[in-house]
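# Survey of secondary and tertiary structure
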Amino acid sequence: MILRKTQDHDERNRIMKKKKPKRRRKPGKNWKKFWKLGVDGWNTQFFDVNKEGELTANEGHHIYNLNDLALKYGTPLQVIFPFIIEDQLKDLIGYFQAYMKIYGYKGKFSYHYPMKVNQNKEFILPIISEGGNLEVTSINELWIVKKLWEGEKFNSKIRVFCNGPKTDQYLDLVEELRGKEMNIVPIIESSEEVEKLSKYKGDIGVRVNLEVKSDTHWDKKFDLFGLSEKDALDLAKIKNLKVMHYHVGSQIKSQKGILDAVKYAFGIYIKLQKTHSSLDTIDIGGGFGIPYERKKFYTAKGVSNKIVRMLKNLSDKAEIKHPNLAVEWGRYIVAPAQVTLYKVIYKKNILKANANSWYVIDGSFMNDLKDTWAIHQKWHIIPANNMHGSLKTTWLAGSTCDSDDKYTDGGNYVLMPKLHEDQSQFIAVLDTGAYQDGLSSHHCLLSAPLKIVAQDGMIKIFRKRENADSVGKLFGWTNGDHK
Ligand SMILES: *Cc1c(COP(=O)(O)O)cnc(C)c1O
């Protein structure tokens, strides 16, 4: 099937090439627009092209030149922009609060950052500083939260939701932190946990596996997380049940997918509240998508407006108090805050395909941007220099020895500048801040990218470049062993 698709594309492309080859290759003078930068709804408002044709990121009046950073620090390079996280979150909280005011909504809004999306310190701290709460899925994530708590790194008003299957150790840590007066809410994930949490004194949540279809990339027919609707509604009374939680998937494709789930969940919420009067919060989980392909996409402003209006109308109609609303949109907040840079090492011609050349890069899609391989994720990939040079159609290949280590934009092509003998060509992958780090690996023992943080006009090295010794160590090769 994939083959056929490629051939169709091939055919179409050949026809297209005949008709309008110039338009695609000579895009005019508005390079910012051509590379789809500077657009609010696409989260590219932070990026621009300078006069020299180099990619820049703008933090207020500070300008970071990504070509210069690649030259100075070398590639592969990951650049983290905490100000983007702060902007995204500030805006999101602002939208919900504004619409609650406009519609006279009485419930409270809270944002919970799902830590699994990116656990790096430079991602979590900006979220906390902007008033985000947390959501953890494992004991090790909760351990980080414990360290922050003990270091008095956050406001004691912060609330932590605990998801995921709970081992005894995980539950012990939850208890320990509640004992230290943290507002920590375990979310019941299975019937076994109802029993285990029966003596828990703090607030409790329950995750319901909604029988609603959602159009996510990962739409699974049989979700294994949470209680079935029936089990949730049959729950024996839990006197401190406070939160009803659901999560229908990630990268939801349409606004309708998000809104349908809220509406459906509200129906369950009303029923559950009849038996549990303490229930006052609905947590709609994650799933808000990123317009990776820079096509028409829904916006946070539009969706927050509709969610608040809908919850207001539904609860007024049902004559119940407006529920507090918790949101766990992770990808949406952090994906745009990291750019991954590679250098093209060499090119190879491709004889019969939609692209003319392979550009082989000095890093790996399979290792550093795992979703490229795992779920055929599409990315917004652009050059970081020569952005107004003449262009070629390319496919990109990573430098592991694996034929799956490539990016072809789903069998189409990626536009890149022609290579120049005397100059490095850098490529930038945008929106790499969500999920890729936790999933990354060391196929062929390649080193992970160097990580730097750009903030307040300054650059800080956050993770050193791995060398042969440090990568070898991960596989048990310590000094002297080789003999
Ligand atoms: C993964 C996850 C999220 C985050 O999903 P995004 O698609 O990144 O918004 C939120 N809540 C739960 C329970 C999750 O498992």
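Looking up the protein chain in an unreviewed UniProt entry gives the name arginine decarboxylase, with the organism given as Candidatus Nomurabacteria bacterium GW2011_GWF2_43_24. The record held by UniProt for the protein chain lists under Sequence similarities (unreviewed entry) the comment "Belongs to the Orn/Lys/Arg decarboxylase class-II family. SpeA subfamily."

## Quick word on the nonpolar core
By size, the foremost hydrophobic cluster in this structure holds 137 residues, and its most contacted members are Phe 81, Tyr 111, Leu 142, Ile 307, Leu 325, Trp 329 and Ile 381. Ranked by the residues each element gives to this core, the list is headed by helix 11 (residues 255-275), at 10 residues. Taken domain by domain, the makeup of this core includes at least three residues from each of domain 1 (36-81 + 337-473) and domain 2 (105-328). Once you skip the residues sitting within four places of it in the chain, Trp 329 turns out to touch Leu 92, Phe 96, Tyr 111, Pro 114, Ile 258, Ile 284, Gly 285, Gly 286, Gly 287, Phe 288, Val 303 and Ile 307. Phe 161, Val 185, Ile 187 and Ala 326 belong to the second largest nonpolar core, which has 5 residues in total.

## Quick look at the side chain of Gln 377
In this fold, Gln 377 is placed in the loop between helix 15 (371-374) and strand 16 (381-383). Sequence-distant contacts of Gln 377, defined by excluding residues within four places in its chain, comprise Tyr 292, Arg 331, Asp 371, Thr 372 and Tyr 407.

## Re a nonpolar patch on the surface
Together, Leu 445, Leu 474, Phe 475 and Trp 477 make up a nonpolar patch on the protein surface, roughly 440 Å² of accessible area in all. By the element assignment, Leu 474 lies in helix 17 (residues 468-474). Owing to a relative accessible area of 53%, Leu 474 belongs among the exposed residues under this scheme.

## Quick notes on the pairing of strand 11 (residues 241-245)
Of all 5 residues that make up strand 11, 4 are buried, and the element is covered over most of its length. As defined by bridge partners, strand 9 (residues 204-209) adjoins strand 11 across 4 bridges and the pair is classed as parallel. Residue pairing in the sheet places Val 206 in a bridge with Met 244 of strand 11. Relative to strand 12 (residues 281-283), strand 11 is paired through 3 bridges, and the arrangement is parallel. Bridge assignment links Val 243 to a residue of strand 12, and that residue is Thr 281.

## Things to note about the UniProt feature "modified residue: N6-(pyridoxal phosphate)lysine" (unreviewed entry) in the protein chain
Taking the UniProt record as the reference, the feature "modified residue: N6-(pyridoxal phosphate)lysine" (unreviewed entry) is found at Lys 116. Tracing the sequence through the fold places Lys 116 in the loop between strand 5 (109-114) and helix 6 (121-129). Among the residues examined, Lys 116 registers a relative accessible area of 36% and is labelled partly exposed. Look past the residues within four positions of Lys 116 in its chain and what remains in contact with it is Thr 137, Glu 141 and Tyr 435.

## Looking at the environment of Phe 109
Following the sequence through the fold, Phe 109 ends up in strand 5. Phe 109 gets classed as buried once you look at its relative accessible area, which sits at 11%. Along the chain, Phe 109 and Ile 452 lie 343 residues apart, while their C-alpha atoms are 33 Å from each other. Look past the residues within four positions of Phe 109 in its chain and what remains in contact with it is Ile 93, Phe 96, Met 100, Leu 325 and Val 327.

## Observations concerning the site of the ligand
Surrounding the ligand, one finds 16 residues, the nearest of these being Lys 116, Ser 250, Gly 287, Glu 328 and Tyr 435. In the environment of the ligand, an oxygen atom lies 2.6 Å from a nitrogen or oxygen atom belonging to the side chain of Tyr 435. When the free accessible area of the ligand is taken as 390 Å², the share hidden by the protein chains comes to 95%. When its residues are assigned to classes, the shell around the ligand shows 4 nonpolar, 7 polar and 5 charged.

## Details of the environment of Glu 176
Position of Glu 176 relative to the elements: it lies in helix 8 (residues 168-179). On the basis of relative accessibility, which here comes to 31%, the residue Glu 176 falls in the partly exposed class. Residues Glu 176 and Lys 146, spaced 30 residues apart in sequence, show a C-alpha to C-alpha distance of 9.4 Å.

## Comments concerning the packing of helix 11 against helix 12 (residues 300-318)
Two numbers describe how helix 11 lies on helix 12: the axes approach to 10 Å, and their chain directions differ by 25°. Considering the angle they form, helix 11 stands roughly parallel to helix 12. When you trace helix 11 past helix 12, the crossing you get is right-handed. Between helix 11, through Gln 255, Ile 258, Leu 259, Val 262, Lys 263, Phe 266 and Ile 270, and helix 12, the contact on the second element is made entirely by Gly 302, Val 303, Lys 306, Ile 307, Met 310, Leu 311, Leu 314, Ser 315 and Ala 318. Residues belonging to the contact of helix 11 with helix 12 are distributed by class as follows: 11 nonpolar, 3 polar and 2 charged.

## Let's talk about the pairing of strand 9
In terms of burial, strand 9 is a largely internal element, 6 of the 6 residues being buried. What you see with strand 9 is no split at all: Ile 204, Val 206 and Val 208 on one side and Gly 205, Arg 207 and Asn 209 on the other are buried throughout. Pairing geometry for strand 9 and strand 10 (residues 227-228), over 2 bridges, is parallel. Bridging from a neighbouring strand, Asn 209 pairs with Ser 228 of strand 10.

## Digging into the pattern of salt bridges
As enumerated under the stated definition, the model contains 18 salt bridges in all. For Asp 280, the salt bridge is made with Lys 242, and the minimal N-O distance between the two is 3.1 Å. Of this pair, Asp 280 sits in the loop between helix 11 and strand 12 while Lys 242 sits in strand 11; the two residues are 38 residues apart in sequence, bridging distant segments of the chain. In this structure, Asp 431 and Arg 294 form a salt bridge, with 2.4 Å as the shortest nitrogen-oxygen distance.

## With respect to unusual backbone geometry
Negative phi characterises most residues that are not glycine, and trans characterises most peptide bonds. Put simply, Thr 75 and Pro 76 share a cis peptide bond, and its omega is -5°. Within the fold, Pro 76 resides in the loop between helix 4 (66-73) and strand 4 (77-80). Despite not being glycine, Glu 181 has its phi angle at roughly 70°, a positive value. With respect to the helices and strands, the residue Glu 181 is situated in the loop between helix 8 and strand 8 (183-188). The exposed category is assigned to Glu 181, whose relative accessible area is 67%. We note that His 376 has phi near 50°; this positive angle belongs to a residue other than glycine. Locating His 376 in the fold gives a position in the loop between helix 15 and strand 16.

Definitions and cut-offs
- Residues numbered from 1 in each chain as written.
- Predicted model: local features only at pLDDT ≥ 70, side-chain atom pairs only at ≥ 80, totals over all residues.
- Heavy atoms only, no water.
- UniProt positions renumbered as here; feature names shortened; annotations may be inferred.
- Core = buried A, V, L, I, M, F, W, Y, C linked by side-chain atoms within 4.5 Å.
- Buried < 20%, exposed > 50% of the residue type's maximum accessible area, 1.4 Å probe, protein only.
- Helix = DSSP H or I, 4+ residues; strand = E, 2+ residues; numbered from the N terminus.
- Domains from an automatic or database assignment.
- Contact = heavy atoms within 4.5 Å.
- Patch = residues over 30% accessible without salt bridge, like charges linked within 9 Å, V, L, I, M, F, W, Y side chains within 5 Å.
- Areas by Shrake-Rupley, 256 points an atom, 1.4 Å probe, with all protein chains shown as cover.
- Salt bridge = Lys/Arg side-chain N within 4 Å of Asp/Glu carboxyl O.
- Pairing = 2+ DSSP bridges.
- Near = heavy atom within 4 Å.
- Polar contact = N/O pair within 3.5 Å; in protein donor to acceptor, adjacent residues only side chain to side chain.
- Nonpolar A, V, L, I, M, F, W, Y, C, P; charged D, E, K, R; others polar.
- Axes fitted to C-alpha atoms, helices over the stretch in contact; angles between N-to-C directions.
- Parallel < 35°, antiparallel > 145°, perpendicular 65-115°, else oblique.
- Left-handed = near helix turned anticlockwise from the far one by under 90°.

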